[in-house]
Amino acid sequence: MPRRSPGPGAEGDVDDPVQVVGGGAARRPDGDAVGDHGDVAGQTGGVVGYSKGAARDRAARQITVDVVQPGAVATAMNPSTGEFADAQHAANAMGRHGRPEEIAAGIVFLTGPGASFVTGAVLDIDGGYLA
C-alpha cells in the first residue's frame, strides 16, 4: 500500500502526492470581510464539490482527496477571549474555541495510513457547530 507524502519540503515519500484544497473568506486591506455568508457558503460548497470529483478522479491511483472544515480556532487573529468569542462559543456545542493542535490531529489522521481508504470525505472539526 502506498504511503502518503507529508507534503512539499517535508521528509517522506514524495512520490505519493497528497492533494490539499483550501478556501477562505476574502478580506479588504482594512480587515473587513468582503461579501456575506452566502459568499462563504458558496466558496465552501465549491471546495467540497470540487474535492469529491477530484477524489473520484484520483482514487484509482491511490491518491485521496478530503476536506477539513474547522470551526472557530484560537489564534492570534481570532483569540478565544476576543471581541467575537462569546458569539462563537454560543454557536458550537462545546462552548469554546478549538485549539490548533485539535485541527492538526484531524489532518494527521487523514494523511496517515489509517485513512488510506478514506477519500471524498468532509471532516468537520468545529466543536459541534454543524451538529
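Bear in mind the structure is a predicted one, so any value in this text is a computation, not a measurement.

Caption draft 1: Inspection of the overall build of the protein chain at higher detail. Across its full length, the protein chain holds 3 helices and 2 strands. Counting only contacts in the protein chain whose residues sit at least 6 apart along the sequence, the fraction spanning at least 24 positions is 58%. Carbon and sulfur atoms make up 58% of the accessible area of the protein chain, which amounts to about 8,800 Å² in all.

Caption draft 2: Here's a closer look at the environment of tyrosine 50. Assignment of secondary structure puts tyrosine 50 in helix H1 (residues 37-58). Taking the C-alpha atoms as reference points, tyrosine 50 and valine 67, separated by 17 residues in sequence, lie 10.0 Å from one another.

Caption draft 3: Molecular detail of the pattern of salt bridges. Scanning all chains against the criterion turns up 3 salt bridges. With a closest N to O distance of 3.0 Å, arginine 99 and glutamate 101 form a salt bridge. Salt-bridge contacts for glutamate 102 lead to arginine 99; the nearest nitrogen and oxygen are separated by 3.4 Å. Glutamate 102 sits in the partly exposed class, given a relative accessible area of 24%. The exposure class assigned to arginine 99 is partly exposed, which follows from its relative accessible area of 40%.

Caption draft 4: Layout of the confidence of the model for the protein chain. Residue-level pLDDT values for the protein chain average 80, and 69% of them are 70 or greater. Predicted confidence for residues 1-28 stays below pLDDT 50, and this span has 44 contacts to residues more than four positions away or in other chains.

Caption draft 5: A look at unusual backbone geometry. Although it is not a glycine, glutamine 62 sits at a positive phi angle of roughly 65°. Inspection of the secondary structure puts glutamine 62 in the loop between H1 and strand E1 (67-70). A residue is classified by how much of its surface remains accessible, and glutamine 62, at 52% relative accessible area, is exposed.

Caption draft 6: View of the side chain of asparagine 78. Its location among the elements puts asparagine 78 in the loop between E1 and helix H2 (85-91). One polar contact links asparagine 78 to glutamine 88, side chain to side chain, over a distance of 3.4 Å. Excluding anything up to four places from it in sequence, asparagine 78 contacts Ala72, Val73, Gln88 and His97.

The rules behind the values
Residues numbered from 1 in each chain as written. Predicted model: local features only at pLDDT ≥ 70, side-chain atom pairs only at ≥ 80, totals over all residues. Heavy atoms only, no water. Helix = DSSP H or I, 4+ residues; strand = E, 2+ residues; numbered from the N terminus. Contact = heavy atoms within 4.5 Å. Areas by Shrake-Rupley, 256 points an atom, 1.4 Å probe, with all protein chains shown as cover. Salt bridge = Lys/Arg side-chain N within 4 Å of Asp/Glu carboxyl O. Buried < 20%, exposed > 50% of the residue type's maximum accessible area, 1.4 Å probe, protein only. pLDDT = per-residue confidence, 0-100. Polar contact = N/O pair within 3.5 Å; in protein donor to acceptor, adjacent residues only side chain to side chain.

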